[in-house]
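Each chain, letter by letter, is given below.
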Amino acid sequence: MSVLGQVLRSLQDSGRGSLDPDRVCVQLLRDCRHAEQHMLGLERQCRQLKAEFERLNARQAPLARRLAGLEQATLAALGRGEEQQARRLATEVAAAEDEQDAVRQRLERLGRRLHYYQDRWLGAERHYHDLCRQLAMAKTTACVRKTMAAIRHHPQVTLVNAKQALADIRAREQQKDRDPEPDDSPQALCPHSADQVLARLQRQLGGRP
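Residues numbered from 1 in each chain as written. Predicted model: local features only at pLDDT ≥ 70, side-chain atom pairs only at ≥ 80, totals over all residues. Heavy atoms only, no water.

What follows concerns the overall build of the chain. Helix and strand content of the chain: 7 helices and 0 strands. In sequence order, the chain lays out its α and β elements as α-α-α-α-α-α-α. Evaluated residue by residue, the chain yields a buried proportion of 33% over its 209 residues. The long-range share in the chain, meaning contacts at least 24 apart out of those at least 6 apart in sequence, stands at 84%. Carbon together with sulfur atoms contributes 52% to the accessible area of the chain, which is approximately 13,200 Å² in total. (Helix = DSSP H or I, 4+ residues; strand = E, 2+ residues; numbered from the N terminus. Buried < 20%, exposed > 50% of the residue type's maximum accessible area, 1.4 Å probe, protein only. Contact = heavy atoms within 4.5 Å. Areas by Shrake-Rupley, 256 points an atom, 1.4 Å probe, with all protein chains shown as cover.)

In structure tokens:
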């Protein structure tokens, strides 16, 4: 059953069985405004998350280049037998690897939140446009009366209580607002150490032809 059908039934005068088109339009107009505010709020949230995701994602390439340069410098120091220099560089490699892991984890969390809010925004947009279509129909008195006539002549349709019908519509919107947001708590990262970096790079160096 359409949203308009529910609203029309809910606003029918129980005593006279007649419909007040003005009440229909006022109620739908309020619903449209509420739905529009909700949709625009979700759209702003999506824009903010997308901008944050893109800023963070832009850090990956320069960080990868820096890490590759540090690894090459560490390998060169190991090849020359400069242990102190190699350890100093390996410490920088470990710190860069920690930073890279943190960026990747943050991107994954941002990606999940962005997907969540994009889905909610699309649903809110569909709901808003549906209400706008229902309002356009309700604004024409003749169209409203034709719709009510069709409803009354439909044997399987039952009139519903006004407050209950509108409460059901609002309950569906509120349920979407209660859907949990993806867990944004960061996971524990395993820090890298200079010893690990040196051992890995020494194995890499030893495996060269």
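Moving on, we get to the packing of aromatic side chains. In the structure shown here, the tally under the stated rule is 1 aromatic pair. For the pair Tyr 116 and Tyr 117, a centre-to-centre distance of 5.0 Å together with 85° between the ring planes defines the contact as edge-to-face. (Phe/Tyr/Trp six-rings, centres within 6.5 Å; stacked < 30°, edge-to-face > 60°.)

At a minimum axis separation of 10 Å, helix α3 (residues 60-79) and helix α7 (residues 194-206) run at an interaxial angle of 70°. Looking at the two axes, α3 sits roughly perpendicular to α7. The hand of the α3/α7 crossing is right-handed. Contacts between α3 and α7 involve Glu 71, Thr 74, Leu 75, Leu 78 and Gly 79 from the first element and Leu 198, Arg 200, Leu 201, Gln 202, Gln 204 and Leu 205 from the second. Tallied by class, residues from the contact of α3 with α7 come to 5 nonpolar, 4 polar and 2 charged. (Axes fitted to C-alpha atoms, helices over the stretch in contact; angles between N-to-C directions. Parallel < 35°, antiparallel > 145°, perpendicular 65-115°, else oblique. Left-handed = near helix turned anticlockwise from the far one by under 90°. Nonpolar A, V, L, I, M, F, W, Y, C, P; charged D, E, K, R; others polar.)

With 20 residues, α3 ought to run about 28 Å at 1.5 Å a step, and its terminal C-alpha atoms sit 28 Å apart, in line with that. Turning to α3, the residues buried within the fold contact α4 (83-138) and α7. One or two residues past the end of α3 sits Gly 81, with phi positive at roughly 80°. (Expected span 1.5 Å × (residues − 1).)

Moving on, we get to the side chain of Gln 105. Relative to the helices and strands, Gln 105 resides in helix α4. Beyond its immediate sequence surroundings of up to four residues, Gln 105 is in contact with Pro 186, Gln 187 and Leu 189.

Right, let's talk about the packing of α3 against α4 for a bit. Two quantities define a packed helix pair, namely the angle between the helix axes and the distance between the axes. Contact geometry for α3 and α4: axes closest at 9 Å, N-to-C directions at 155°. As far as their axial angle goes, α4 and α3 are roughly antiparallel. Considering how the two elements wind past one another, α3 and α4 form a crossing that is left-handed.

The full count for this structure, using the stated rule, is 9 salt bridges. Its salt-bridge partner being Glu 52, residue Arg 106 comes within 2.8 Å of it at the nearest N-O pair. Within this pair, whereas Arg 106 is found in helix α4, its partner Glu 52 is found in helix α2 (residues 21-57), the two being separated by 54 residues in sequence. Given the relative accessible area of 27%, Glu 52 is considered partly exposed. (Salt bridge = Lys/Arg side-chain N within 4 Å of Asp/Glu carboxyl O.)

It is worth spelling out the nonpolar core at this point. Counting residues in hydrophobic clusters, the biggest one holds 22 residues, and the most contacted among them are Leu 28 and Tyr 117. In this structure, Tyr 117 is in contact with Leu 42, Gln 45, Cys 46, Leu 49 and Glu 181, ignoring residues within four places of it in sequence. One finds Ala 90, Val 93, Ala 94 and Ala 194 within the second-largest nonpolar core, a separate group that totals 15 residues. (Core = buried A, V, L, I, M, F, W, Y, C linked by side-chain atoms within 4.5 Å.)

The full count for this structure, using the stated rule, is 0 disulfides. Here Cys 32 is not disulfide-linked; the sulfur of Cys 132 is the nearest cysteine sulfur, at 4.2 Å. Classification of Cys 32 as buried rests on a relative accessible area of 5%. (Disulfide = S-S within 2.5 Å.)

Here the focus is the confidence of the model for the chain. Mean pLDDT for the chain: 79, with 68% of residues reaching 70 or above. Per-residue pLDDT, averaged within each element of the chain, yields its smallest value for helix α1 (residues 3-10) (54) and its largest for α3 (93). Confidence over residues 155-163 falls short of pLDDT 50; this stretch has 10 contacts with residues more than four positions distant or in other chains. (pLDDT = per-residue confidence, 0-100.)

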